[in-house]
Amino acid sequence: MASQHEDVPPDPEDLLNRVERLRPFAGDLVQDQHIVSQVLLKQFTVNDGPSGYRLQDLSLKYPNATPKRRSPRECAKVPHFVKYASRSLEMVWKAVEDHLGAAIIEMHSEDPFNDPAAVLLIKDAIALHYCRSHLVRRVSDIARDKTTLDTRKSLFKTPGLLTDFYFQRTGLLLEGASGLTRAAGLLMAEITEDFRNDGLLRVRIEDIFKAARDFLRRMGLEILRSTSGEFLIGDAPALTIRSDSAAVGPLEGVPLGKANSVFMPLSPTICAAIGPKNLVGKVPQSAVDRLNRIQVKAAAEHVFFRPDSGLDKFARCILAE
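Residues numbered from 1 in each chain as written. Predicted model: local features only at pLDDT ≥ 70, side-chain atom pairs only at ≥ 80, totals over all residues. Heavy atoms only, no water.

For Thr 45, the location among the structural elements is in the loop between helix H2 (38–42) and strand E2 (46–47). Note: C-alpha distance between Thr 45 and Phe 305 (260 residues apart in sequence) is 7.6 Å. For Thr 45, the residues in contact, after removing those within four places along its chain, are Tyr 53, Arg 54, Leu 55 and Pro 72. One polar contact links the side chain of Thr 45 to the main-chain carbonyl oxygen of Lys 42, over a distance of 2.6 Å. (Helix = DSSP H or I, 4+ residues; strand = E, 2+ residues; numbered from the N terminus. Contact = heavy atoms within 4.5 Å. Polar contact = N/O pair within 3.5 Å; in protein donor to acceptor, adjacent residues only side chain to side chain.)

See the structure below:
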């Protein structure tokens, strides 16, 4: 599943300009940001009577505790996952999430490919959960120092960029090597600040989403239906995998462009995966267990499942390995 989009380095000047355009909205924030869509989590719930729809939430920090029964609204929330202009980013997600429930229902139908719009929606939802993930967030944090160093080294190779940037910010023209050094210092200060306040993360997450969405739309969609056992879902549900490696996700060196597939559970009975062509397949208990194991291993803090499914015992066994 080769892709080039993650190999193309972002243009620092373009990123900074886009952060600058968002600056008037920097403080317009959504505090509790769901990293797993509520409509997706709802597929793993049961009607708990007066309490409404509930799923079970196993904390990886306290795996031996009884899993809590919670509503989707209470689960997979991260305070200020992105803390810069996050409301505008939530509007990007909303365009997908508003129609996700109907698309998931279509995936349970006899012919899930009868509705091309629903198929695209599921692919877009996989792209959304791939980029709105603690895995991508941690990769970004790890890359921050290296990016800062590499950017500083490259600035003096592009004096035109420094000249234009300095004039844009100060209205002054640069003179000599000392001027370039002064401009580089100003630019690096902005880059450092935009790393710190999540401005660069805000624009990069949207970039990754759009690139992943466009790439996945060109691929096939596989709907895997369990013949035995149930799927659970972790708090990083869209996971990239390779057939020749046990590594999972970008944090372990499997970004989208190097993956053989990316999969995401849609309900206790079906899982979506990206492949070369559209297909509906039945998978046995062993395959369900393998995918569930990957979900548990890749989760940051929580895994979720249908109440009374017994999957808490399965998750504890995996965590004890």
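Now, onward.
Next up on the list: helix H10 (residues 285–298). Along its 14 residues, H10 runs 20 Å from first to last C-alpha, staying within 8% of the 20 Å computed at 1.5 Å per residue. Turning to H10, its buried residues are Val 288, Leu 291, Asn 292, Ile 294, Gln 295, Val 296 and Ala 298. (Expected span 1.5 Å × (residues − 1). Buried < 20%, exposed > 50% of the residue type's maximum accessible area, 1.4 Å probe, protein only.)

Let us now look at the packing of helix H5 (residues 116–131) against helix H9 (residues 199–216). Orientation of H5 relative to H9, taken along the N-to-C sense of each, is 145 degrees, at an axis distance of 8 Å. You can see that H5 and H9 cross each other, and the crossing is right-handed. Contact residues: Lys 123, Asp 124, Ile 126, Ala 127, Leu 128, Tyr 130 and Cys 131 in H5; Ile 205, Ile 208, Phe 209, Ala 212, Arg 213 and Leu 216 in H9. Residue classes in the contact of H5 with H9 are distributed as 10 nonpolar, no polar and three charged. (Axes fitted to C-alpha atoms, helices over the stretch in contact; angles between N-to-C directions. Left-handed = near helix turned anticlockwise from the far one by under 90°. Nonpolar A, V, L, I, M, F, W, Y, C, P; charged D, E, K, R; others polar.)

The five strands lie next to each other as E8-E9-E10-E6-E11, forming an open sheet whose pairing is mixed. Edge positions in the open sheet fall to strand E8 (239–241) and strand E11 (279–283), since each of these has one partner strand only. Across the sheet, the axes of successive neighbouring strands diverge by a mean angle of 30 degrees, strand direction being ignored. In the sheet, E8 pairs with strand E9 (residues 261–265) via three bridges, with the strands oriented antiparallel. The residue bridging Leu 239 from the neighbouring strand is Phe 263, located in E9. (Pairing = 2+ DSSP bridges.)

Next up on the list: the pattern of salt bridges. For the structure on display, the rule yields 19 salt bridges. Of the charged contacts, one joins Arg 217 and Asp 124 as a salt bridge, the two residues approaching to 2.7 Å between their closest N and O atoms. Of this pair, Arg 217 sits in the loop between H9 and strand E6 (220–226) while Asp 124 is found in helix H5, placing the two residues 93 residues apart along the sequence. A salt bridge links Arg 242 to Asp 244, with the nearest nitrogen and oxygen atoms 2.9 Å apart. Judged by relative accessible area, Asp 244 falls into the exposed class, the value being 56%. (Salt bridge = Lys/Arg side-chain N within 4 Å of Asp/Glu carboxyl O.)

Take the nonpolar core next. Ranked by size, the top nonpolar core spans 49 residues in total, and within it Met 107, Ile 122, Ile 126, Leu 221 and Leu 266 carry the most contacts. Mapped by element, the contributors of at least two residues to this core are H2, helix H3 (86–97), helix H4 (100–107), H5, H9, E6, E9 and strand E10 (270–275). Broken down by element, this core gets its largest block of residues, 10 residues, from H5. For Leu 266, the contacting residues outside a window of four places in its chain are Leu 40, Gln 43, Phe 44, Ile 104, Met 107, Ile 122, Cys 271 and Ala 272. (Core = buried A, V, L, I, M, F, W, Y, C linked by side-chain atoms within 4.5 Å.)

Shape is all these values report; function is a separate question.
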